Structures are given as structure tokens and as C-alpha cells.
Amino acid sequence: MRALHAMLCAAAVLVLQSPAWALAQGATDGPKRWGPTENVSLNGGRVDSLFWIITALVGVSFLIVLLMLFVTVLRDRARPGVKARYDHGSSLHDKRFTATVSVIVFLVLDASVLWITMHDLRETVWAFPEQDPQTLRVEVLGQQWAWNFRTPGVDGQFGTADDVVSINHLHVPQGRPVIVHGSSKDVIHSLFVPDMRIKRDFNPGAINAVWFQAEKPGDYEILCAELCGFAHYQMHGTLTVVPQESWDAWQAEASTIAQATYDETDTEARWAWDWKE
Ligand code: CUA
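Calculation notes
- Residues numbered from 1 in each chain as written.
- Predicted model: local features only at pLDDT ≥ 70, side-chain atom pairs only at ≥ 80, totals over all residues.
- Heavy atoms only, no water.
- Pairing = 2+ DSSP bridges.
- Helix = DSSP H or I, 4+ residues; strand = E, 2+ residues; numbered from the N terminus.
- Axes fitted to C-alpha atoms, helices over the stretch in contact; angles between N-to-C directions.
- Expected span 1.5 Å × (residues − 1).
- Bend = angle between axes of the 7 residues up to and from the residue.
- Buried < 20%, exposed > 50% of the residue type's maximum accessible area, 1.4 Å probe, protein only.
- Contact = heavy atoms within 4.5 Å.
- Phe/Tyr/Trp six-rings, centres within 6.5 Å; stacked < 30°, edge-to-face > 60°.
- Lys NZ or Arg CZ within 6 Å of the ring centre and 35° of its normal.
- Polar contact = N/O pair within 3.5 Å; in protein donor to acceptor, adjacent residues only side chain to side chain.

(A) The sheet that holds strand S1 (residues 136-143), seen in detail. With mixed pairing, five strands are arranged side by side in an open sheet as S3-S2-S1-S5-S8. Among the strands making up the open sheet, the edge pair consists of strand S3 (164-167) and strand S8 (208-213). Averaged over all adjacent pairs, the angle separating strand axes in this sheet is 25°, with direction ignored. Across four bridges, strand S2 (residues 146-151) lies against S3 in antiparallel orientation.

Here is the structure:
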């Protein structure tokens, strides 16, 4: 009876926590988010579908286990005139059953997810569009607690006077691949752009790469997803995606201003590195 009681309590918690969570979400400003934000990147759909596949697989497995628990608890419980039935699961039959279930769970859950993941990694995440003439290259330097972004000016070279450097704001054209190379000045930071479905750690002394392609104009949140100290929560910025023509105009202007205000003596601002594919 105690087991049944515990299970009913667990079910009640599961059922009640959803409205509680919804209320908590309602208490904060901004849109209510029951799931991931809208995907606005070229390959983000792969992340979403993997997310839902895993959720469905784990959800179904969970329901099967719950169902088996309910059936056995009800069937084998003590009743007036009937003694509770139980065993230790130590017979050969039980061991074989356990082994079979483990193999099935591994094949259906882990192996299939691994297969899809490797496929996505090869086809998108690791397939950097380096040969694409449309690709925009960006260098990022994380620091406690801000993101420094750098795009080459009209000369297309990093580390020159017309580089467009900004803090916590990245401007990219819509529909063009963007390769981001990043490092850190101090501790590990993680560049996270939820709407683009990308997240990449940037470590001091190393350069890591990630790429995305924004398909919809707008302002999107850039976050740091690695606890990097006391003001980690303040380390966020904006990704602005605009149509190509607006971006061209913006870049020409920003690059001209950068060149005009370039300070040869400001060594702090000269953190660019040579781009290596
Ligand atoms: Cu940088 Cu958290």
C-alpha cells in the first residue's frame, strides 16, 4: 500500500508542477516560453528536431516504466487473504530479461540519437562554409564581463585600422553564412545565441570556431553560457540581423568611422589575430 501511495504522490507532483511552472513564467516579464524560442537559423531545425526526438523517446520509455510499475504494484500487492508477492530478481530468467531490456533501450535510445547526432555534426555543425565567397568572418574575444566583436572592414583583413569593433553588439547580414572564431582574455566563456541554436566555449589561449546563418532580420539575444565569475549574468549582448543592402551601408559607414577614430596607441583594442581556417 505504501508503494502505491508513493506512486500516487509522484504522479500528483508531476501533474501539479506544470501549472506551477507556468505561473512562475507568467510572473516574469517577456514572452511566455513553453519550449525553445523560434528557430531563425539555417540549421537550427536540426537541433530542434533532435530535442523533440529525445524528449519523445525518453517520454515514451518513462510511460512504459510507469505502466509496468502500476501493473506490478496492483497485481502483486497484499490483499485480505492474499500475501504480497515479491522476489529479488536474481533468477537466470530475470537476469536475461534485464539484459535484453538494457540492449533494447541502448539501441532504441542511445544508438539512434548518436546516429542522428553524428549525421548532423558532419553535415552542418562541422561543415564550415569556408569556400563560400558569401561567408562573413567574425572574431570574438570574451572577457569578464563583455563580448568584444570584430568584423573586417572593407579591406577584408583582420587587425587593420578599418576593423569594425564593438562591445556586446554583433551586426550580420541575413542569409549569409557567418563563421565565428573566438577566444578569451581571462576565463572560459561560452557564446550562446539561442535563436541561432549555437553555443560554443571560448577559452584563453585557444581559438574555437562556430558558424551559423541567420534567416530572419531582427534583434536576438547573445548570452554567456559558462559561469565566468561574479557578473556572469550581466554578460550579454545583441545580435542584429539585417538585409544585405542595409548591412552593406552599415558596414561602409562603421568602417569609415573606425578608420577615422583609429588610435595607434590603444594596445588594448588591438586584440585581433590572423585568421586561420
Ligand atoms: Cu562569460 Cu559567463
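From this point on, the discussion continues.
(B) Molecular detail of unusual backbone geometry. The omega torsion of the bond from Gln-144 to Trp-145 falls at 0°, within 30 degrees of zero and hence cis. Tracing the backbone shows Trp-145 in the loop between S1 and S2. One non-glycine residue, Asn-168, adopts positive backbone phi at about 60°. Looking at the secondary structure, you find Asn-168 in the loop between S3 and strand S4 (169-173).

(C) A look at helix H3 (residues 92-125). For H3, spanning 34 residues, the distance from its first C-alpha to its last is 46 Å, which sits close to the expected 50 Å at 1.5 Å a residue. Of all the bends in H3, the largest measures some 35° and sits at Phe-106. Within H3, the full set of buried residues consists of Asp-94, Leu-109, Val-113, Asp-120, Leu-121 and Thr-124. Buried residues in H3 make contact with helix H2 (44-76) and S8.

(D) Expanded view of the sheet that holds strand S7 (residues 198-202). Spatially, the five strands line up as an open sheet ordered S4-S10-S9-S6-S7, and their pairing is mixed. The strands lining the two open edges of the sheet, one partner per strand, are S4 and S7. Here the strands of the sheet are splayed against their neighbours by 20° on average, with no regard to which way each runs. Sheet topology places strand S6 (residues 189-193) next to strand S9 (residues 218-224); two bridges connect them, and they run antiparallel. Paired with Phe-192 across the two strands is Leu-223, which belongs to S9. Contacts from helix H4 (residues 244-260) reach S4 and strand S10 (236-242) within the one sheet, and its direction differs from that of S4 by about 130°.

(E) The packing of aromatic side chains, seen in detail. This model, assessed by the stated rule, comprises six aromatic pairs. Ring centres of Phe-51 and Trp-52 lie 4.8 Å apart, and the angle between their planes is 85°; on these two criteria the pair is classed as edge-to-face. The class for Trp-52 is partly exposed, based on a relative accessible area of 47%. A centroid spacing of 5.3 Å and a plane angle of 10° characterise the contact between Phe-158 and Trp-275, whose relative ring orientation is stacked. Highlighted residues: Phe-158 in the loop between S2 and S3 and Trp-275 in the segment after H4, separated in sequence by 117 residues. Of the two residues examined, Phe-158 and Trp-275, each falls in the buried class. The positively charged end of Arg-150 is found above the aromatic ring belonging to Trp-271, 4.4 Å away from the centroid.

(F) Highlighting the pairing of S6. Across the five residues of S6, four count as buried, placing the element largely inside the fold. In this sheet, S7 lies alongside S6 in antiparallel orientation, the contact comprising five bridges. Within S7, the position partnered with Val-193 by the bridge is Ile-198. Hairpin geometry of S6 and S7 is characterised by an intervening segment of four residues between the two adjacent antiparallel strands and by a positive phi of about 60° at Arg-197.

(G) Structural view of the environment of Lys-185. Inspection of the secondary structure assignment puts Lys-185 in the loop between strand S5 (177-184) and S6. For Lys-185 and Leu-141, which are 44 residues apart along the polypeptide, the C-alpha to C-alpha distance reads 6.7 Å. Beyond its immediate stretch of four places on either side in the chain, Lys-185 contacts Leu-141, Gly-142, Gln-143 and Glu-268. Here Gln-143 takes part through its side chain, which lies 3.4 Å from a polar atom of the side chain of Lys-185.

(H) Representation of H2 in the model. Between its terminal C-alpha atoms H2 stretches 48 Å, which fits the 48 Å expected from 33 residues at 1.5 Å a residue. Every buried residue belonging to H2 is among Gly-44, Asp-48, Leu-50, Val-73 and Asp-76, and all of these are buried.

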